[in-house]
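# Coordinate analysis (summary)
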Amino acid sequence: MLTGQKDPYIVAVIPGNAQVDLKKLAIISGNKKCEMLPMKDLQHITGYIRGGCSPIGMKKIFPTYIEELASLENKIVISAGKKGLQIEINPQDLIKATNAIFADIIIGA
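Computed from a predicted structure; not experimentally measured.

Per the stated rule, a full pass over the model turns up 1 aromatic pair. With a centroid separation of 5.6 Å and 70° between ring planes, the pair formed by Y9 and F62 is classed as edge-to-face. Placement of the pair is Y9 in the loop between β1 (2-4) and β2 (11-13) and F62 in the loop between α2 (42-46) and β4 (64-67), with a sequence separation of 53 residues. In this structure F62 comes out as buried when scored by relative accessible area, which is 11%.

What follows is the structure, given as structure tokens:
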């Protein structure tokens, strides 16, 4: 979860071994800059705790960006809303469920 001046809350879905590129995400989302959401605000905003934040089932639908490399996969694994609980999902189904778009949003991609 991130914040921007245009979009107060933004969801970024990236591989577990990657880092979100804040500049890329800002440009793609139309924000001047993006920052990570303070951890103290995560549960209040999303309904999820750290380690269990899922792009599906949040309190509200937020602008969502999925790292474009996921589009090359038949299945990806995302958090299922609880720490240690995950689900396997087709990236196209995740796009439909979250109204997300694929984008180059990680460092070094």
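All buried positions along helix α3 (residues 91-98) are accounted for by P91, L94, I95 and T98. One side of α3 carries all its buried residues, which in axial view fall inside an arc of 105°. Facing away from the buried side of α3 by over 90 degrees, the exposed positions are K96 and A97. Residues of α3 that are buried make contact with β2, β4, β5 (76-82), β6 (85-89) and β7 (101-103). By the N-cap criterion, in which a side-chain oxygen at the helix start approaches the backbone nitrogen of a residue two or three places on, α3 is capped by N90, the distance to Q92 being 2.7 Å.

Calculation rules
- The residue numbers shown here count from 1 along each chain, following its written sequence.
- Reporting in this predicted model follows two pLDDT cut-offs: at least 70 for local features of residues, and 80 or more for side-chain atom pairs to be given and counted; totals over whole chains, interfaces and linings ignore these cut-offs and use all residues.
- Hydrogens and water molecules were not included; the side-chain quantities draw on all heavy atoms of the structure.
- Under the pairing criterion, centres of Phe, Tyr and Trp rings, with the six-membered ring standing for Trp, must be within 6.5 Å; the plane angle then separates stacked pairs below 30 degrees from edge-to-face pairs above 60, leaving the rest tilted.
- Here a strand is any run of E in DSSP of at least two residues, a helix any run of H or I of at least four, and the numbering for each starts at the N terminus.
- Burial classes follow relative accessibility: with a 1.4 Å probe on protein chains only, a residue under 20% of its type's maximum area counts as buried, one over 50% as exposed, and anything between as partly exposed.
- Each C-beta atom gives one direction from the helix axis, and the arc is the one those directions make.
- Contacts are assigned to residue pairs that have any heavy atoms within 4.5 Å of one another.
- What qualifies as a polar contact is a pair of N or O atoms within 3.5 Å, subject to a donor-acceptor requirement within protein and to the restriction that residues adjacent in sequence count only when both atoms come from side chains.

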